[in-house]
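Residue-level listing of the chains:
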Amino acid sequence: MEKPAVRRDRLGTYDWLIEALETLGREGIGAVRVERLARYLGVTKGSFYWHFKDRPELLDRLLEHWETEMTDKIHAHVSHLDGKPAEQLLALLKHIDKQDLNRYDAAVRAWALYDKRAATVVTRVDAKRLEYVHTLFLEMGFPAEEAHIRSRMSYYYVVGEYTASISSIEKGAPEQRVEHVRLRHRLLTER
Amino acid sequence: MTQATKPAKLRRSEWLSASLEALVREGVEGIHVEPLAKRLGVTKGSFYWHFQDRQALLKSLIEHWTTRMIGAVRACETKTGSARERLLKIMEAITREDRTRYEVAMRMWAAADERAAKAVRRVDEARIGLHFSLFLEMGFAPEQAEIRCRMMVFYEYGEAEFAIKAPVEKRLEYVRLRHAILTEGAHGE
């Protein structure tokens with residue numbers, strides 16, 4: 001990881017959050033600590049307190065950051081693409097896979113298992129994402145119940161893939177994963 | 001001798017059940033003899049009647065879970081009817097018995113423990129092997145069978161990850177919808 005020296009005195013809150021999210025994804029919530037982040041960023045611990053009161057405040061902001069970046073912004077990105085709802089769904093599935101957005105989710109979910117604040121945010125994010133995909137299926141013309149189950153089949157796949165791959169089921173090579181995305185998409189959108 | 005064995009056996013399974021619940025609640029770190037004893041309303045001493053130590057309990061716990069899960073898969077193998085009907089019965093059973101209840105906690109544990117990982121692998125292989133052969137029997141090509149298997153198991157794990165679940169009746173309704181989507185185009189439909 002290259003860290004240009006010029007950035008050091010110009011680190012903003014956002015930089016700390018990006019580093020915190022990367023660290024969370026890579027090493028889990030236990031590793032998201034002021035000293036370690038400062039070391040990764042190549043700055044002193046003191047500069048942290050310019051942006052955050054303490055670690056709990058950082059963790060709160062980190063949850064917000066994850067919610068915005070990995071949900072709201074992705075939905076906004078996909079919504080701005082031209083195309084039919086079915087194409088938007090394909091774009092969404094490909095985007096999630098390509099950016100490997102799941103690696104942050106995995107860490108946040110592990111955190112949420114034993115932390116109430118994190119659990120609240122995860123619940124809200126899940127609801128938002130399901131709602132988004134549900135709307136796409138409704139727009140494709142599926143009746144409500146069908147749209148409901150299809151949206152869950154798409155979303156739970158993404159969530160479950162991470163859970164399963166922790167210990168056993170291979171995620172597969174990138175090309176194979178793209179093929180899986182296509183097969184899944186066809187299965188769920190065709191009538 | 002025979003009189004003492006029966007209630008003692010019962011209590012052993014109670015320790016295991018209580019440990020599974022603790023695993024779901026707090027993860028493997030939550031499994032400790034003293035809090036378990038308190039929850040069961042017994043003395044710590046009675047634990048050592050069944051298990052040598054905490055490690056022995058954890059080992060038995062993995063075996064207990066594995067046997068249950070593999071047993072459930074084996075029971076499904078003997079069901080009658082077309083492949084499509086059998087798959088529906090399996091999906092219903094998984095939902096009705098809340099079989100994925102310990103799934104997430106087991107996988108979390110497996111991420112950090114080789115014995116647990118081995119158990120989860122065994123259960124996965126048995127389960128996916130069964131589903132895969134059913135989809136092949138329905139006439140799907142291997143890659144179509146594979147994606148259907150993945151969609152099936154990932155859905156179950158995904159659902160298990162979610163804290164808030166729909167009531168079982170509703171979920172059984174979803175099972176049937178899911179089953180229809182996954183088996184559309186099967187032979188003998």
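Each chain has its residues counted from 1, running along the sequence as written. Chains carry letters and ligands carry numbers; both start at the beginning, A for chains and 1 for ligands, and go up in the order they are written. Given that this is a predicted model, residues contribute local features only at a pLDDT of at least 70 and side-chain atom pairs are listed and counted only at 80 or more, while totals for whole chains, interfaces and linings are drawn from all residues. Side-chain numbers come from the whole structure's heavy atoms, not from hydrogens or water.

**Q** Is there a simple way to think about the overall build of chain B in this case?
**A** The way it works is that DSSP assigns letters per residue, a run of H or I at least four long becomes a helix, a run of E at least two long becomes a strand, and they are numbered from the N terminus. Broken down by element type, chain B carries nine helices and zero strands. For chain B, the sequential pattern of α-helices and β-strands runs α-α-α-α-α-α-α-α-α. Here the C-alpha coordinates of chain B stretch approximately 60 × 35 × 35 Å along the principal axes. In this scheme, a residue with accessible area under 20% of its type's maximum is buried, one over 50% is exposed, and one in between is partly exposed, where area comes from a 1.4 Å probe on protein chains only. Within chain B, the proportion of its 189 residues that are buried is 50%. Note on contacts: a residue pair qualifies if any of its non-hydrogen atoms lie within 4.5 Å across the two residues. Look at the contacts in chain B between residues 6 or more apart in sequence, and 69% of them connect residues 24 or more apart. Areas reported here follow the Shrake-Rupley algorithm with a probe of radius 1.4 Å; residue values treat only the protein chains shown as occluding. Carbon together with sulfur atoms contributes 54% to the accessible area of chain B, which is approximately 9400 Å² in total. Averaging the locations of the 32 positively and 27 negatively charged side chains of chain B gives two centres separated by 5 Å. His residues and chain termini do not enter the charge count, which takes Lys and Arg as positive and Asp and Glu as negative. Lysine's charge is taken at NZ, arginine's at CZ, aspartate's at CG and glutamate's at CD.

**Q** Is there a simple way to think about the overall build of chain A in this case?
**A** Looking only at helices and strands, one finds eight helices and zero strands in chain A. Element order for chain A, N to C, with α for helix and β for strand: α-α-α-α-α-α-α-α. Dimensions of chain A, computed from C-alpha atoms along their principal axes, come out at roughly 60 × 35 × 30 Å. Summarising the internal contacts of chain A: among those between residues at least 6 apart in sequence, 66% fall at separations of at least 24. The average position of the 31 basic charges and that of the 30 acidic charges among the side chains of chain A differ by 3 Å.

**Q** Would you take a moment to explain the packing of helix H4 (residues 54-77) of chain B against helix H6 (residues 103-112) of chain B for this structure?
**A** Angle between the axes and distance between the axes are the two parameters that describe a pair of packed helices. Residue and element names in this part refer to chain B. Packing of H4 against H6 brings their axes to within 13 Å, and their N-to-C directions diverge by 130 degrees. Taken together, H4 and H6 sit at an angle that is classed as oblique. Once H4 is placed against H6, the crossing between them reads as left-handed. Between H4, through Leu58, Leu61, Ile62, Trp65 and Met69, and H6, the contact on the second element is made entirely by Glu103, Met106 and Trp109. Considering only residue class, the contact of H4 with H6 consists of seven nonpolar, no polar and one charged. Axis lines are fitted to C-alpha atoms, over the contacting stretch for helices. Their N-to-C directions set the angle, which ranges from 0 to 180 degrees. By the definition adopted for this analysis, an angle is roughly parallel if under 35 degrees, roughly antiparallel if over 145, roughly perpendicular if from 65 to 115, and oblique otherwise. In this scheme the handedness of a crossing depends on how the near helix is turned from the far one: anticlockwise by less than a right angle means left-handed, clockwise means right-handed. Classes in brief: Ala, Val, Leu, Ile, Met, Phe, Trp, Tyr, Cys and Pro nonpolar; Asp, Glu, Lys and Arg charged; the others, Gly included, polar.

**Q** I tried to follow helix H7 (residues 114-137) of chain B on my own but got confused; where do I start?
**A** An α-helical segment advances 3.6 residues per turn. Residues three or four places apart therefore align on the same side. Residues and elements named next belong to chain B. In this scheme, a helix's expected span is set at 1.5 Å multiplied by one less than its residue total. Between its first and last C-alpha, H7 extends 34 Å over 24 residues, near the 34 Å set by a 1.5 Å rise per residue. Among all positions of H7, only Ala116, Ala117, Ala119, Val120, Val123, Asp124, Ala126, Arg127, Leu130, His131, Leu134 and Phe135 are buried. Contact partners of the buried residues in H7: H4, helix H5 (83-96), H6, helix H8 (142-161) and helix H9 (168-183). We call two N or O atoms a polar contact when they sit within 3.5 Å, provided that within protein one can donate a hydrogen and the other can accept it, with sequence-adjacent residues counted only if both atoms are side-chain atoms. The backbone nitrogen of Arg115 lies 2.9 Å from a side-chain oxygen of the residue at the head of H7, namely Asp113.

**Q** Can you help me understand the packing of helix H4 (residues 85-98) of chain A against helix H6 (residues 116-139) of chain A in this one?
**A** All names here are of chain A. The N-to-C vectors of H4 and H6 enclose an angle of 150 degrees; their axes lie 8 Å apart at closest approach. Our classification of the angle between H4 and H6 gives roughly antiparallel. Together, Pro85, Gln88, Leu89 and Leu92 of H4 and Tyr132, Val133, Leu136, Phe137 and Glu139 of H6 make up the contact between the two elements. Taken together, the residues that form the contact of H4 with H6 break down as seven nonpolar, one polar and one charged.

**Q** It is not clear to me how the confidence of the model for chain A should be interpreted in this structure. Could you clarify?
**A** Low-confidence regions, as indicated by low pLDDT, have predicted coordinates that should not be scrutinised in detail. Predicted confidence across chain A gives a mean pLDDT of 88, with 93% of residues reaching 70 or more. Confidence of the predictor in every single residue is expressed as pLDDT, which spans 0 to 100. Residue range residues 1-7 of chain A is modelled with pLDDT below 50. Its contacts to residues more than four positions away, or to other chains, number five contacts.

**Q** Just to check I follow, could you spell out the interface of chain B and chain A for this structure?
**A** The extent of an interface is frequently quoted as the accessible surface area lost upon association of the parts. Between chain B and chain A, the residue contacts involve 36 residues of the former and 36 residues of the latter. When chain B packs against chain A, close to 3200 Å² is buried across both sides, 71% of that on carbon and sulfur atoms. Buried area: the accessible area, evaluated with a 1.4 Å probe, that two parts lose upon being put together, summed over both parts. Considering only the surface of chain B that becomes buried against chain A, Phe154(B), Phe162(B) and Ile181(B) emerge as the three largest contributors, covering 21% of it. Any Lys or Arg side-chain nitrogen found within 4 Å of a carboxyl oxygen on Asp or Glu counts as a salt bridge. Run the count over chain B and chain A and you get two salt bridges. For Arg150(B), the salt bridge goes to Glu161(A), with nearest N and O atoms at 3.5 Å.

**Q** Sorry, what's going on with H6(A) here?
**A** All names here are of chain A. Taking 1.5 Å of rise per residue, 24 residues should cover 34 Å, and H6 covers 35 Å from first to last C-alpha, within 8% of that figure. Within H6, the full set of buried residues consists of Ala118, Val121, Val122, Val125, Asp126, Arg129, Leu130, Tyr132, Val133, His134, Leu136 and Phe137. The N-cap residue of H6 is Asp115: its side-chain oxygen and the backbone nitrogen of Arg117 are 3.0 Å apart. Taken from the residues just after H6, Gly141 is the one with a positive phi, measuring 100 degrees.

**Q** It is not clear to me how the side chain of Ser154(A) should be interpreted in this structure. Could you clarify?
**A** The topology assignment puts Ser154(A) in helix H7 (residues 144-165). Ignoring any residue separated from it by four or fewer positions in sequence, one finds Ser154(A) in contact with Val133(A), Phe137(A), Arg184(A) and Leu188(A).

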